[in-house]
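# Fold and contact review
The lines below spell out each chain.
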Amino acid sequence: MQSIPDIIRTIPLAHYILLSSALFCIGILGVLTRRNAIIVFMAIELMLNAVNLLLAAFSSYYSDPSGQIFVFFIMAVAAAEVAVGLAIIVMIYRNIQSIDIGILNKLKN
Amino acid sequence: MTAIIALSLFGISNLFWGFWFPRKVLQILTLLFLAIGIGLTAMDWNHELLWFGNMFRTTNTSINFSLIIQLAAFLVVALSRGFGADDEHTHPAEYYAILLFSVVGAILMVSFDHMIMLFVGLEILSVAMYVLTGSDKRNLKSNEAALKYFLMGAFATGILLFGITLVYGATKSFYISNLANIIAATAPESMPSFLYIGVLLMLIGLLFKVSAAPFHFWTPDVYDGAPTIFTMFMSTVVKTAGFAALYHILSGVFGGIYSTWVLTIYFISMLTLIIGNVTAAYQLSVKRMLAYSSISHAGYMLMTVSAMQSSSTSTVLYYSLSYTLATVAAFAVLILVSEYQTGRKEKPEDYSSFEGLAKNNPGLAFCFTISLLSLAGIPMTAGFWGKFFIFSDSFNRNIIYPVILAILMSAVGIYYYFKGIIAIYFKNGDIEKIEVPILFKIALWFCTIATLVLGVYPNIVKSLF
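What counts and how
- Residues numbered from 1 in each chain as written.
- Chains lettered and ligands numbered in written order.
- Predicted model: local features only at pLDDT ≥ 70, side-chain atom pairs only at ≥ 80, totals over all residues.
- Helix = DSSP H or I, 4+ residues; strand = E, 2+ residues; numbered from the N terminus.
- Rg over C-alpha atoms; globule rule 2.2 N^0.38 Å.
- Buried ≥ 20, exposed ≤ 12 C-beta atoms within 10 Å, placed from the backbone.
- Contact = placed C-beta atoms within 7 Å.
- Nonpolar A, V, L, I, M, F, W, Y, C, P; charged D, E, K, R; others polar.
- Axes fitted to C-alpha atoms, helices over the stretch in contact; angles between N-to-C directions.
- Parallel < 35°, antiparallel > 145°, perpendicular 65-115°, else oblique.
- Left-handed = near helix turned anticlockwise from the far one by under 90°.
- Core = buried A, V, L, I, M, F, W, Y, C linked by C-beta atoms within 7 Å.
- pLDDT = per-residue confidence, 0-100.
- Expected span 1.5 Å × (residues − 1).

Helix and strand counts for chain B stand at 19 helices and two strands. At 21 Å, chain B has a C-alpha radius of gyration in line with the 23 Å of a compact globule built from 465 residues. Taking the principal axes of its C-alpha atoms as reference, chain B extends roughly 70 × 55 × 40 Å. By residue count, 60% of the 465 residues in chain B fall in the buried class.

See below:
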């Protein structure tokens, strides 16, 4: 039976890089174009997951566990960030009954 | 390093003491904790050590940066009052605890030796700052600032992480010291091209955090919307930590491929200087002016980072210290004046609410003047020497045009800083005597006197670094 790193290595590394870059760019486009705070938020998570995927791929290609350890750190910290971010969004929803970031322009002079 | 553990424990204990003690006691306790942190940090002086599986390195440079950060946090806590004191929904214990946690993050950011530590430190600092920015829960401006800061901060973190990943893919290591060796040992042709993309993305991620143009657009809104005391914290602690991390990365890891990133940094620093200074000149609100001024100071600091001289480290440190002292004093006076003017003027943070401050409050007017003079870089203040060291470092590297531009832009800076001084001394207003709490007074005068002393004897500190 093949071990998991071997299975991962059956696909060339360049493909992983392309896939992650594509996911990352979709995330960036989402952040820049969407107006709903939750969707923007999901786009940011997509960027982080592109990073996770690429880290895991590099890590098994190089037989070096530190990349996968980094993935755990990213997942844990992203969860903490989500908690704070959702709290902020809820706070805004309570005040203006909307999460459209286009409405938030009080600070523009 | 023990300072990190101590401050984390103190932060947690602060949450519990909030049940029993009023805000005044908590403030004194937090000051005590930060003083202990400063002492523990200083004890590591001249002991170059590695901690946490070689992921955390204490050097004299990192200790100096940690000391500046903790000093700034100390001053901010000393100047904190209220958090909306009469509101039953404010929780001072939580705010002080979050401040302590964010200081831990900042210390991690200045002494990392592994990318995980950089990332974790950055996130501890940022997540704490998102909470503090939005701490004025019923104020829509504060809400908006928190959401903007959060979305932009998380976005920048994503970019930074992608950069770290690509650099890891090219070098197979996360350790700063290994990375430098691998990059130095490999011929540039045999390096995968995505190393350079990774370096660029990492730079973009960090430049977002230090609010350099063209990644500065969130800064004025966030600084303006956040409660002033936390704006003070952001523009001193977060900025110093961000620059220390940027400097560490550029000089330590990517020093070997200097030529690939130096032009980008020049371009960005010039753009930052132009945008920061020119836009600041148009502002009517002092708080927004200080936000843009913090952008322009990022431009000056980027110049040092790119000069890469043997004296650059001490220049960055000296500049951070002088900038911290002046900014804290300026924001402190802004807090007092805008609190006094709330209800009296429509926009309590504008220049117009400072008019006639000198008549009944000569002390406050003096402190504000000295801090603005220092930010503008007038001789006899610390800010002058900060700029002087930066320009001389750049000249030593034969960087001429950015320095000329920077000198021109300091002239623009003098215009908008002096607008504040003119409003204080030469305009008529009816500000009565403003009551200043004792702790507030001590911190304010400490900043002012330190600015003057460093302006006359810069070597006291410069030789230490």
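Across its full length, chain A holds four helices and zero strands. Moving toward the C terminus, one meets the helices and strands of chain A in the order α-α-α-α. Relative to the 2.2 N^0.38 estimate, which gives 13 Å for 109 residues, the radius of gyration of chain A is 18 Å and therefore markedly larger than a compact globule would have. For chain A, the C-alpha atoms occupy an extent of roughly 60 × 25 × 25 Å along the three principal directions. Taking all 109 residues of chain A together, 30% fall into the buried category. Residue pairs at least 24 apart in sequence account for 47% of intrachain contacts in chain A once pairs closer than 6 positions are excluded.

Look at the link from B:A213 to B:P214: it is a cis peptide, with omega at 0°. With phi around 50°, A:S63 is a residue other than glycine that occupies positive phi space. Looking at the secondary structure, you find A:S63 in the loop between α3 (37-61) and α4 (66-96). Residue A:S63 is classed as exposed on the basis of its C-beta count, with 9 C-beta atoms lying within 10 Å. The phi angle at B:N54 is positive, at roughly 60°, despite the residue not being glycine. Inspection of the secondary structure assignment puts B:N54 in the loop between β1 (49-51) and β2 (56-58).

Turning our attention to the interface of chain A and chain B. If you look at the interface, chain A gives 34 residues, while chain B gives 32 residues. Elements represented by at least two residues in the side of chain A that touches chain B include exactly α2 (13-33), α3 and α4 of chain A. Considering every element that reaches the side of chain A that touches chain B, the biggest residue donor is α4(A), with 15 residues. In terms of residue class, the side of chain A that touches chain B is made up of 26 nonpolar, five polar and three charged.

So, about the packing of helix α10 (residues 228-253) of chain B against helix α12 (residues 286-307) of chain B. All names here are of chain B. Running from N to C, α10 and α12 cross one another at 15°; their axes reach a closest spacing of 11 Å. Between α10 and α12, the angle is such that the two are roughly parallel. As α10 runs across α12, the sense of the crossing is right-handed. The residues of α12 that touch α10, namely those facing T228, T231, S235, K239, F243, L246, Y247 and L250, are K287, S294, A298, M301 and V305. Looking at side-chain class alone, the contact of α10 with α12 contains seven nonpolar, four polar and two charged residues.

Further remarks concern the packing of helix α15 (residues 362-376) of chain B against helix α18 (residues 438-456) of chain B. Relative placement of two packed helices is described by the angle separating their axes and the distance separating the axes. Residue and element names in this part refer to chain B. Packing of α15 against α18 leaves a shortest axis separation of 10 Å and a crossing angle of 45°. On the basis of the axis angle, α15 is oblique to α18. Crossing angle aside, the handedness with which α15 passes α18 is left-handed. Contacts between α15 and α18 involve C367, I370, S371 and S374 from the first element and L444, C447, T448, T451 and L452 from the second. Residue composition of the contact of α15 with α18, grouped by class: five nonpolar, four polar and no charged.

All names here are of chain B. Within the fold, K359 resides in helix α14 (residues 357-360). Looking at K359, the number of C-beta atoms within 10 Å reads 16, which means it is partly exposed. When the C-alpha atoms of K359 and Y318 are compared, they prove to be 34 Å apart, with 41 residues separating the residues in sequence.

This next bit is on the nonpolar core. With 200 residues, the main nonpolar core has B:I69 and B:M109 as its most contacted residues. No other element matches the 19 residues that helix α6 (residues 140-171) of chain B contributes to this core.

Turning next to the confidence of the model for chain B. All names here are of chain B. The predicted model of chain B averages 89 in pLDDT, with 98% of residues at 70 or higher. Taken element by element, chain B is modelled with least confidence in helix α19 (residues 459-462), mean pLDDT 81, and with most confidence in helix α5 (residues 115-133), mean pLDDT 94. Interface confidence in the predicted complex, given as ipTM, is 0.94; pTM for the same model is 0.92.

With that settled, consider α15(B). Helical periodicity: at 3.6 residues per turn, an α-helix aligns residues three or four positions apart in one direction. Residues and elements named next belong to chain B. With 15 residues, α15 should reach 21 Å at 1.5 Å per residue; the first-to-last C-alpha distance of 21 Å fits that figure. With 12 of 15 residues buried, α15 is to be regarded as a mostly interior element. Listing the buried residues of α15 in full gives L364, A365, C367, F368, T369, I370, S371, L372, L373, S374, L375 and A376. Phi turns positive one or two residues past the end of α15, at G377, with a value near 85°.

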